[in-house]
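Results of the structural survey
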Amino acid sequence: MKSIFLLPFFVSFIVTLESKSDNNTNAKLRMCVVEEPEDIYSKRQKYCETLKTTSNISCVWGVDRLDCIRRVQKGQADFSVFSSEDLLAARWASADVLVTSELRYHDNRYEYEVVAVVDNEANINSVHDLRGSKFCHGYGFGYGLKSHWTAVISNYLESVVIPRDCSAELTLSELRIKAASEFFGPSCKAGIWDEDQKRDKILKNKYSKLCELCYNKCDIGDKHWGRRGSLYCLTSGGGDVTFARLDDVRVHFGLGDHPSDVDPNNYSYLCLDGHLQPLTTKNPCSWVAKPWPVIAARRKMSGIVQTLMDDVIHSDPIWKNTFLLLVENYYVNLTNVDIMVPIEDYIDESPGYQSAYSFPQCNPSRSIVYCTTSIIEFNKCSWLQEATDIQGIEPGIQCVRRESTAKCMNDILHGMADVVRVKSDDMIKGIKKYKLEVILHEFAKEFKEKNVIVPVTMKSDIKSVSNLYAKSICLPKYMGTAYASVYSTIKSIYASKGIEKTSEIFINDYFSKDSCIWSPGNMPLFCKDQFRGENGSLDCLLNGHDVAFVTYKTFISAKNDTKYKNIRPICLFPTSKSTDNICYTNWFSQSALMVNQDLSLTRKAEIYNTFKRIDKLFGKQYGHLNQLRIYAPFEKQSNVLFEDSTYSLMNASEINWAKHERFLNPEIMSELAHITFRTQSDSRSVFQVLDMKLIFTISLMNIYTNLM
């Protein structure tokens with residue numbers, strides 16, 4: 001094999017390059033590579049411009065590594081760098097590509113191998129003897145892992161030796177913990193057991209036997225946590241067996257260049273076929289071997305790509321260093337394979353790797369059915385489904401497609417789907433008509449990306465919340481976010497006077513009877529078709545009404561239209577101002593994931609955990625894989641399946657805990673959903689049922705404000 005020191009791999013764009021080799025003069029190749037989003041512009045400026053002037057290389061940005069697979073598959077790129085997990089996805093997509101080269105950082109055949117090591121005094125001679133043994137595992141149940149150790153490989157030993165339990169009364173993650181606790185004796189599974197911290201603590205107390213051998217806290221940072229921690233647990237913590245990387249085993253037992261105080265003769269490798277090997281065995285029996293990251297090319301161009309790699313190895317074109325700096329993160333050894341093979345054959349060359357990703361499923365399936373509403377949403381969801389399987393997320397997701405969000409909500413109501421993404425304006429409808437509830441919000445970090453409600457007016461006498469009574473208002477739609485925000489505002493006015501709102505109190509009781517407040521029945525008297533929607537509310541304001549409630553985005557856009565030049569925001573709550581000093585009443589998430597209200601707590605916990613793990617692996621806040629970016633464009637379209645502006649998936653408690661001011665309480669949505677609507681024509685003023693002292697108080701407030 002031929003080698004060169006070079007780096008991998010993950011930058012997200014397509015590189016079109018022209019090889020200058022004698023073997024392939026003027027052959028143009030396109031390479032898809034991935035990079036962190038924050039580095040895109042600096043690298044494009046720094047390296048792509050240089051390449052433009054020194055070679056025939058041009059750069060076109062992409063999104064993530066699965067995007068690279070699609071580009072190669074469609075012929076939009078000729079080759080790319082893929083991790084072994086990416087190859088699994090490429091095989092699922094039936095991508096016709098060949099492996100041309102490996103990206104190595106040592107001379108071993110595989111990136112790493114995983115072995116089972118037993119204490120010779122534990123009398124473990126086969127996998128059947130593992131029941132009741134003291135198990136040392138440094139990564140809990142696969143949460144919080146980095147790229148050097150995957151959840152699937154980490155839990156492979158347990159998936160082989162422990163029977164699968166699919167009981168409906170517990171989540172799949174707790175079933176795994178329960179099964180491990182029943183199978184092994186006192187053990188240490190230090191690390192994260194559950195995405196929810198409270199739940200994590202509960203599980204560790206409930207199945208405390210799996211923490212007995214931990215040094216002090218059964219969590220990240222414990223002496224027996226991590227790749228080397230499990231080996232310390234085995235050799236100095238009383239353990240009988242561990243599942244660890246072969247390179248770590250050799251270092252721990254002094255089988256490499258550095259000596260160790262631990263005698264390797266007291267321990268053995270436990271082979272999957274049921275025999276033992278000494279730790280000094282040169283090529284021991286591994287349970288799983290992880291393939292190297294590779295360069296893979298579409299079949300038609302694979303020979304030219306490998307020739308290009310030869311050029312990089314043996315020649316020194318003036319663009320070489322710039323090209324390597326552009327596409328690599330750390331130095332590795334680029335090694336051409338002797339025979340180019342399809343990805344499925346390359347994967348099969350690594351013992352146990354395919355088996356590790358073929359773990360048994362529950363029957364009936366526990367997969368979470370995600371309902372999508374377009375072909376492109378379904379396609380992105382399908383790639384997410386594959387990515388969750390590859391990363392060992394359980395339960396995984398299953399994608400279905402319906403014609404509309406309403407059809408999806410109806411499917412959830414009748415148990416044919418589990419989750420749908422719903423825009424905030426439709427959440428009350430989901431609660432009221434389809435008996436849904438929000439399980440996670442798409443939280444946007446940037447203020448301008450939130451669904452912020454801004455009250456606007458053209459009148460000079462409306463300056464504060466006290467001026468709202470009996471004014472005519474315009475709302476974009478019935479029971480949307482603006483409707484809920486206004487309802488919340490009125491409720492806060494009453495609360496400040498010590499009056500508790502009831503379901504008999506409605507928005508149209510508080511404001512003027514000539515307001516445009518939409519209803520589910522006939523068109524209200526003072527509404528017109530052109531007053532529907534965000535811009536319609538502004539036109540309603542121009543038609544003589546007093547106040548309109550619209551989103552921040554609508555207001556900012558209207559500022560650039562001379563038609564609305566006299567519209568200004570009102571500071572109903574002076575402390576609630578945006579970064580550009582615009583007042584607002586409330587903000588809410590643009591979208592949220594909704595589920596059936598009547599799901600069991602167990603099922604809700606499963607759905608919550610799955611999407612929190614998806615958020616952690618493929619989102620912005622924690623994501624490190626670059627395999628799939630869920631909050632990013634897909635096939636050049638924005639806001640597919642999730643909002644691109646989403647920073648993290650959070651429930652209401654998490655948002656409130658972070659003290660994000662004037663977040664619209666979801667309980668307001670539920671309260672509105674359970675109100676029986678009364679039209680303006682048949683409603684009676686709320687003040688007929690309230691203490692007359694409130695009327696007098698509000699009247700005095702208005703008189704005082706006008707005098708001021």
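Note that this is a predicted model, so its numbers are computed, not measured.

1. Points about the overall build of the protein
When helices and strands are tallied, the protein shows 24 helices and 26 strands. For the protein, the proportion of its 708 residues judged to be buried stands at 57%. Within the protein, counting contacts between residues at least 6 apart in sequence, those at least 24 apart form 76% of the total. As displayed, the protein offers around 30600 Å² of accessible surface, 49% of which is attributable to carbon and sulfur atoms.

2. Quick word on the packing of helix α16 (residues 427–434) against helix α23 (residues 666–673)
Running from N to C, α16 and α23 cross one another at 45°; their axes reach a closest spacing of 9 Å. Relative to α23, the element α16 lies oblique. For the element pair α16 and α23, the recorded crossing hand is right-handed. Facing α16, whose interface residues are I428, I431 and K432, α23 presents M669, S670, L672 and A673. Looking at the contact of α16 with α23 residue by residue, the classes come out as five nonpolar, one polar and one charged.

3. Considering empty space enclosed by the protein
Throughout the structure, instances matching the rule amount to four cavities of 30 Å³ or more. Of the pockets and cavities examined, the second largest cavity occupies roughly 50 Å³. Lining the second largest cavity are G138, Y139, W149, G226, R227, S230, F243, A244, R245 and D248. Secondary structure elements with two or more residues in the lining of the second largest cavity: α8 (226–236) and β10 (241–245). Considered class by class, the residues forming the lining of the second largest cavity number four nonpolar, three polar and three charged.

4. Section: the state of the cysteines
Using the criterion set out here, one finds eleven disulfides in the structure. Between the sulfur of C371 and that of C408 lies a disulfide, 2.1 Å long from S to S. Taking the torsion about the S-S bond as the criterion, the C371 to C408 disulfide, at about -75°, is left-handed. Taken together, the residues C371 in strand β16 (residues 368–372) and C408 in helix α15 (residues 405–413) connect sequence positions 37 residues apart. Note on accessibility: C371 and C408 belong to one class, buried.

5. Section: the sheet that holds strand β25 (residues 591–596)
Ordered in space as β17-β16-β18-β25-β19-β26, the six strands form an open sheet in which the pairing is mixed. Edge strands, defined here as strands with exactly one partner in the open sheet, are β17 (397–401) and β26 (646–650). When strand polarity is set aside, the average angle formed by the axes of neighbouring strands in this sheet is 35°. Strand direction decides the pairing type here: β16 and β17, joined by five bridges, are parallel. Considered in β17, the bridge of T372 is made with R401. Most of the contacts of helix α21 (residues 601–618) go to strand β19 (residues 436–444), to which it runs at about 15°, and overall it touches β16, β17, β18 (419–423), β19, β25 and β26.

6. Topic: unusual backbone geometry
Of the consecutive residues N363 and P364, the connecting peptide bond is found in the cis state with omega at 5°. Of note, P364 is situated in the loop between α13 (353–356) and β16. Here the bond from E394 into P395 is cis, since omega is -10°, no more than 30 degrees from zero. With respect to the helices and strands, the residue P395 is situated in the loop between α14 (375–390) and β17. Residues other than glycine seldom take positive phi values, yet E635 does so here, at roughly 50°. As for its placement among the helices and strands, E635 is situated in the loop between α21 and β26. We note that L641 has phi near 75°; this positive angle belongs to a residue other than glycine. Assignment of secondary structure puts L641 in the loop between α21 and β26.

7. Considerations on the confidence of the model for the protein
Averaged over every residue, the pLDDT of the protein is 85; residues scoring 70 or more account for 85%. The model gives residues 18–23 a pLDDT under 50, and that stretch makes 16 contacts with residues more than four places away or in other chains. Between residues 680–708, whose pLDDT stays under 50, and residues either more than four places distant or in other chains, the model counts 38 contacts.

8. A closer look at the environment of V127
With respect to the helices and strands, V127 occurs in the loop between β7 (112–119) and β8 (135–137). Along the chain, V127 and D273 lie 146 residues apart, while their C-alpha atoms are 8.1 Å from each other.

9. Some points on the pattern of salt bridges
Note that side chains of opposite charge can pair when their charged atoms are close. Counting across every chain of the model gives 38 salt bridges. K206 is the salt-bridge partner of E174, the closest N and O atoms lying 2.7 Å from each other. Residue E174 is found in helix α6 (residues 172–183), and its partner K206 is found in helix α7 (residues 197–206); the two are separated by 32 residues along the sequence. With a relative accessible area of 2%, E174 lands in the buried category. Linking R227 and D247 is a salt bridge whose minimum nitrogen-to-oxygen distance equals 3.8 Å.

10. Looking at the environment of D461
Looking at the element boundaries, D461 is found in the loop between β20 (451–457) and β21 (473–474). On the basis of relative accessible area, D461 is assigned to the partly exposed category, the value being 37%. In sequence terms D461 and D546 are 85 residues apart; their C-alpha atoms lie 9.7 Å from each other. Contacts of D461, omitting those with residues within four sequence positions, involve N467 and K471.

11. Overview of helix α3 (residues 84–92)
Along α3, seven of the nine residues are buried, which leaves the element largely enclosed by surrounding structure. Taken together, the buried positions of α3 are S84, E85, D86, L87, L88, A89 and A90.

12. Brief notes about helix α19 (residues 533–542)
Among all positions in α19, only G536, S537, L538, C540 and L541 are buried. Looking one or two residues past α19, G544 carries a phi angle of roughly 110°, positive in sign.

13. Concerning the layout of surface pockets
A probe as big as a water molecule, rolled over the atoms, marks out the empty space that is left. Of the pockets and cavities examined, the largest pocket occupies roughly 790 Å³. Taken together, 23 residues form the lining of the largest pocket, with E195, Q197, Y608, K612 and E654 sitting closest to its centre. Secondary structure elements with two or more residues in the lining of the largest pocket: α7, α21, β26 and α22 (652–657). Broken down by element, the residue count for the lining of the largest pocket peaks at four residues, all from α21. The class makeup of the residues in the lining of the largest pocket is eight nonpolar, five polar and ten charged. Taken domain by domain, the lining of the largest pocket gets at least three of its residues from each of domain 2 (112–289) and domain 3 (368–444 + 590–674).

Rules behind the numbers
Residues numbered from 1 in each chain as written. Predicted model: local features only at pLDDT ≥ 70, side-chain atom pairs only at ≥ 80, totals over all residues. Heavy atoms only, no water. Helix = DSSP H or I, 4+ residues; strand = E, 2+ residues; numbered from the N terminus. Buried < 20%, exposed > 50% of the residue type's maximum accessible area, 1.4 Å probe, protein only. Contact = heavy atoms within 4.5 Å. Areas by Shrake-Rupley, 256 points an atom, 1.4 Å probe, with all protein chains shown as cover. Axes fitted to C-alpha atoms, helices over the stretch in contact; angles between N-to-C directions. Parallel < 35°, antiparallel > 145°, perpendicular 65-115°, else oblique. Left-handed = near helix turned anticlockwise from the far one by under 90°. Nonpolar A, V, L, I, M, F, W, Y, C, P; charged D, E, K, R; others polar. 1 Å grid on protein atoms, 1.4 Å probe; cavity = no way out; pocket = protein on both sides within 12 Å on 5 of 7 lines; lining within 4 Å. Points joined across faces, edges and corners; volume = space filled by probe spheres on them. Disulfide = S-S within 2.5 Å. Pairing = 2+ DSSP bridges. pLDDT = per-residue confidence, 0-100. Salt bridge = Lys/Arg side-chain N within 4 Å of Asp/Glu carboxyl O. Domains from an automatic or database assignment.

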